[in-house]
Amino acid sequence: MGASRVERFHAFLIWPLELRLPTRLSGLKSGDNFVGRLSDEIRKEGVWKAVDPYDRFKGEGEAENPDLPYSEFVYFHPFAQRVLYPRKDENDPTKDEPNPALAILKRTGIREVEVALRWDETVTFDVKRVHLYLFRSQTAVVVVEVASKGSIEMDTALQFADQFRRAYAPYHETDGKCGHCPLKVKWIVDPSAKGDAPPDGEFSSAAESYQPVANPALRKAPMAGHWRWLIAPLTTAGDAKEDDLVVEQLEDDRIPSMLYMGVEDPFAVSPGDTVRLCFCDGKGNPDALPYGERFLSDFEEKNCYDRFWNPPESGEGDSYTARKDKEWRFTRFLCSGYNFAVITKASSYGLTVLDHFRHHYLQLGLLAHFHRASLLRYSRRLTEAAVPGGELKQVRREFANFINQYWFREISNQEQGKELFGLWSERLGNRELLDQLSKEAAAVDGILNLDEEDKRHLELRILTQALLWLAGLTLVVAFLDTELLRKFAEWGGWWFLGRHWDDRFRTWWPLVGLTSIGMVAGYLILKSRYRKWYPKEKPRADQS
């Protein structure tokens, strides 16, 4: 048997979304401080308020160590600090810097969330934060943190981790219930909270889930009603009006998460529950693994970070029981990419781990998921732009700016932060996604270069034609403008038309005649030489 109770449990959701601007806001992209002006638009209804990126909990009534924001800030490299903690304008401290990488808003007035878990009890958790991060890459990340009010059963914690994160139902049971979803999620707000009252909390029915997917004009994944309420005035494509700010989901139904599990004895958590916590798999027999042993043969190597994890050796028995209260290496980090979890003690240094989890490690996850969200968005935009009339150059330029300013392989000089960020990014597949997108961008560059080459080739042909015309005209006119031919032309003009025209005609007649002959001769020269120098090309494969 493993540990049966969790003394402290915190769950974080890090939900990446893509922003689609309505026509009335399309001008925001071309000016300075995109995220600042976008946050002003979202704050108009008074539901969201601006937050200082450095001190995100200021004014929320939570007694917090003032050293935490400081230690979090200095944990990161300067180039990462510039992204995570934008500064104010040097000349006007009341204004943001011209182009900050992000802006943060918080939703106030939400005190608790009531979650009716399927196959388990109904739990009420405290809501610690609801933050909305807006990024210049036209992506957003919603961060929600909830915490248990006291100790809870291990099975309840695992069920909560699996079900609360669902943006929509991945499937439906035969009884119509949403698979792997809670029966109900209801936000409990202060009476004075602004905005519409939260919905009753019933999870979306099967019919509601089918509607946006079955609609041939939409074909979008649904979003549960409690999440649609939470992110308002942002809205989904299915609910949007013409002037609404629309969000698109970039991941599947599993909103990426972080889980803090503080227990009395971390080493008593069974291997089966450890795997379930890592992959958010819900409750199960703690004495059995949820997957095959061969599948999990490299689990500790790929998904565990054990720098401060020193479990008892096999057969140590009572000798470990005697020393476990003095053991300080009791923290194990788990990472599957879409989930990042920690098992530690609920007291002593485990509380310091909780502080760092809420600050330092949340920022690690924010950057890792920001990278992935931005890459997914640019991949879609490159695909959409690679059509006639598409904005290939603009998308390529934006992608290059993202790589130059916001892509980091390392964000901290601290060994643990460096290694955890590397593990998280690796499990998310960010490096592979970047490599794939770079190849797509290189293909786009090839298309742009071919287009530019075609334009230059056309311009060269036009210029060559003009020069050949001019050269032919010049040569022929120069030949015809000899003294003998000029006299002959004057005599011919007088003999043929002299009796009908005055002296002025005989003055310009040679010029008209010689020019006409020169143009015809130049054209014939051009036609013969041009076909030799520029034979007709076969169409390229991409044009056939």
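As the structure is a computational prediction, the values presented were derived from the model and not from experiment. Once a new chain begins, its residue numbering starts again from 1 and follows that chain's sequence as written. Only residues with pLDDT of 70 or above have their local features reported here, since the model is predicted, and side-chain atom pairs are shown and tallied only from 80 upward, although totals for entire chains, interfaces and linings are computed over all residues. Calculated side-chain values reflect all of the structure's heavy atoms, with hydrogen atoms and water omitted.

Side note on the overall build of the protein
Link 1 in the chain: Along the backbone of the protein there are 15 helices and 14 strands.
Link 2 in the chain: Think of it in three bands: residues with accessible area under 20% of the maximum for their type are buried, residues over 50% are exposed, and the middle band is partly exposed, with areas taken using a 1.4 Å probe on protein chains only. Within the protein, the fraction of its 544 residues that count as buried is 46%.
Link 3 in the chain: Here, two residues are considered to be in contact whenever any of their heavy atoms come within 4.5 Å of each other. Considering only residue pairs separated by 6 or more positions, the protein has 71% of its internal contacts joining residues 24 or more positions apart. Counting from the N terminus, the helices are DSSP H or I runs at least four residues long and the strands are E runs at least two residues long.

Observations regarding the environment of Y75
Link 1 in the chain: For Y75, the position within the fold is in the loop between helix 2 (67-74) and helix 3 (78-84).
Link 2 in the chain: Along the backbone, Y75 and H360 are 285 residues apart, and their C-alpha atoms lie at a distance of 7.4 Å.
Link 3 in the chain: Beyond its immediate chain neighbours, meaning those up to four positions away, Y75 contacts H360, Y361, S412, N413, Q414, Q416 and G417.

A short note on the pattern of salt bridges
Link 1 in the chain: By convention in these notes, a salt bridge is any Lys or Arg side-chain nitrogen within 4 Å of a carboxyl oxygen on Asp or Glu. This structure, assessed with the given rule, holds 33 salt bridges.
Link 2 in the chain: In this structure, R20 and E18 form a salt bridge, with 3.5 Å as the shortest nitrogen-oxygen distance.
Link 3 in the chain: By relative accessible area, which is 2% here, E18 ends up buried.
Link 4 in the chain: Between E415 and K418 there is a salt bridge; the shortest N-O distance is 3.4 Å. Of this pair, E415 and K418 both sit in helix 12 (residues 415-428), separated by three residues, roughly a single helical turn.
Link 5 in the chain: Owing to a relative accessible area of 40%, E415 belongs among the partly exposed residues under this scheme.

Quick word on the nonpolar core
Link 1 in the chain: The term nonpolar core refers to a set of buried residues drawn from Ala, Val, Leu, Ile, Met, Phe, Trp, Tyr and Cys, joined through side-chain atoms within 4.5 Å. One finds F9, F160, F164, W187 and W227 to be the most contacted residues of the largest nonpolar core, which totals 73 residues.
Link 2 in the chain: With 55 residues, the next largest nonpolar core counts Y133, L364, L420 and L423 among its residues.

A word on the pairing of strand 11 (residues 257-263)
Link 1 in the chain: Most of strand 11 is tucked away, with seven of its seven residues classed as buried.
Link 2 in the chain: Residues S257, L259, M261 and V263 line one face of strand 11 and the alternating positions M258, Y260 and G262 line the opposite face, and both faces are buried.
Link 3 in the chain: Criterion used throughout: strands pair if DSSP finds at least two bridges between them. Bridge count between strand 2 (residues 8-20) and strand 11: six bridges; the pairing is antiparallel. Bridge pairing in strand 11 links R8 to G262.
Link 4 in the chain: Looking at chain direction, strand 11 and strand 14 (residues 339-345) are connected through seven bridges and run parallel. Note on strand 14: the bridge partner recorded for G262 is T344.

Some points on the packing of helix 10 (residues 349-385) against helix 12
Link 1 in the chain: Lines fitted to the C-alpha atoms define the axes, with helices restricted to the stretch that makes contact. Angles between their N-to-C directions range from 0 to 180 degrees. Interhelical geometry of helix 10 versus helix 12 gives an angle of 35° and a closest axis separation of 10 Å. Considering only the axes of helix 10 and helix 12, their crossing is right-handed. Only Q416, G417, L420, F421, W424, S425 and L428 of helix 12 make contact with helix 10, whose side of the interface consists of Y361, L364, G365, L367, A368, H369, H371 and R372.
Link 2 in the chain: In terms of residue class, the contact of helix 10 with helix 12 is built from eight nonpolar, six polar and one charged. For a crossing to be left-handed, the near helix must be turned anticlockwise from the far one by less than a right angle; the clockwise case is right-handed. Three categories are distinguished: nonpolar for Ala, Val, Leu, Ile, Met, Phe, Trp, Tyr, Cys and Pro, charged for Asp, Glu, Lys and Arg, and polar for the others, with Gly belonging to the last.

Quick word on helix 11 (residues 392-406)
Link 1 in the chain: For helix 11, built from 15 residues, the straight-helix expectation of 21 Å at 1.5 Å per residue is met to within 8% by its first-to-last C-alpha distance of 21 Å.
Link 2 in the chain: Turning to helix 11, its buried residues are L392, V395, F399, F402 and Y406. The buried residues of helix 11 occupy an angular sector of 115° when projected down its axis, which confines them to one face. Here the expected length of a helix is defined as 1.5 Å per residue gap, with one fewer gap than residues. What the arc covers is the set of directions going from the helix axis to the C-beta atoms.

As for the packing of aromatic side chains
Link 1 in the chain: Geometry of aromatic contacts follows a simple scheme: Phe, Tyr and Trp rings, the Trp one being its six-membered ring, pair when their centres are within 6.5 Å, and the pair is stacked under 30 degrees between planes, edge-to-face over 60, tilted otherwise. Evaluation of the coordinates by the stated rule reveals 31 aromatic pairs.
Link 2 in the chain: Note on F357 and Y361: the rings are 6.4 Å apart at their centroids and 75° apart in plane angle, and the pair reads as edge-to-face. Taken together, the positions of F357 and Y361, both in helix 10 and four residues apart, correspond to about one turn of that helix.
Link 3 in the chain: Through a chain of ring-to-ring contacts, the aromatic side chains of F12, Y260, Y305, F333, F340, F357, Y361 and W424 assemble into a single cluster.
Link 4 in the chain: Charge-over-ring contacts are defined here by two conditions on Lys NZ or Arg CZ: a distance within 6 Å of the ring centre and an angle within 35 degrees of the ring normal. Residue placement shows R329 over the ring face of W328; its charged tip is 5.2 Å from the ring centre.

Some points on helix 2
Link 1 in the chain: The complete set of buried residues in helix 2 reads L68, P69, S71 and E72. Across the axial projection of helix 2, the buried residues extend over an arc of 170°, all falling on one side.
Link 2 in the chain: Contact partners of the buried residues in helix 2: helix 10.

Observations regarding the environment of I42
Link 1 in the chain: Note that I42 resides in helix 1 (residues 34-42).
Link 2 in the chain: Sequence separation of I42 and A232 is 190 residues, and the distance between their C-alpha atoms is 8.7 Å.
Link 3 in the chain: Dropping the residues within four chain positions of it, I42 is found in contact with W48, L105, L132, L134, P233, L234 and L245.

Observations concerning the packing of helix 10 against helix 11
Link 1 in the chain: Running from N to C, helix 10 and helix 11 cross one another at 165°; their axes reach a closest spacing of 9 Å. Overall, the two elements helix 10 and helix 11 adopt an arrangement that is roughly antiparallel. In this structure, helix 10 meets helix 11 at a crossing whose hand is left-handed. Contacts between helix 10 and helix 11 pair F370, H371, S374, L375, R377, Y378, R381, L382 and A385 from the former with L392, V395, E398, F399, F402 and Y406 from the latter. Oblique is the label for every angle not falling under 35 degrees (roughly parallel), over 145 degrees (roughly antiparallel), or within 65 to 115 degrees (roughly perpendicular).

Details of the confidence of the model for the protein
Link 1 in the chain: Summarising the model, the protein shows a mean pLDDT of 84, and 81% of its residues fall at 70 or more.
Link 2 in the chain: In this model residues 539-544 is a low-confidence stretch, pLDDT under 50, and it forms four contacts with partners more than four residues away in sequence or in other chains. Along the chain, pLDDT gives the predictor's confidence residue by residue, from 0 to 100.

Points about unusual backbone geometry
Link 1 in the chain: For the bond from A232 to P233, the omega torsion is 10°, close enough to zero to count as cis.
Link 2 in the chain: With respect to the secondary-structure elements, P233 resides in the loop between helix 6 (225-231) and strand 10 (246-249).
Link 3 in the chain: You will see that H180, though not glycine, has its phi angle at about 60°, which is positive.
Link 4 in the chain: Relative to the helices and strands, H180 resides in the loop between helix 4 (154-163) and strand 9 (184-189).
Link 5 in the chain: Given the relative accessible area of 29%, H180 is considered partly exposed.
Link 6 in the chain: For R219, which is not glycine, the phi torsion reads 50° and is therefore positive.
Link 7 in the chain: Mapped onto the elements of the fold, R219 is located in the loop between helix 5 (206-214) and helix 6.

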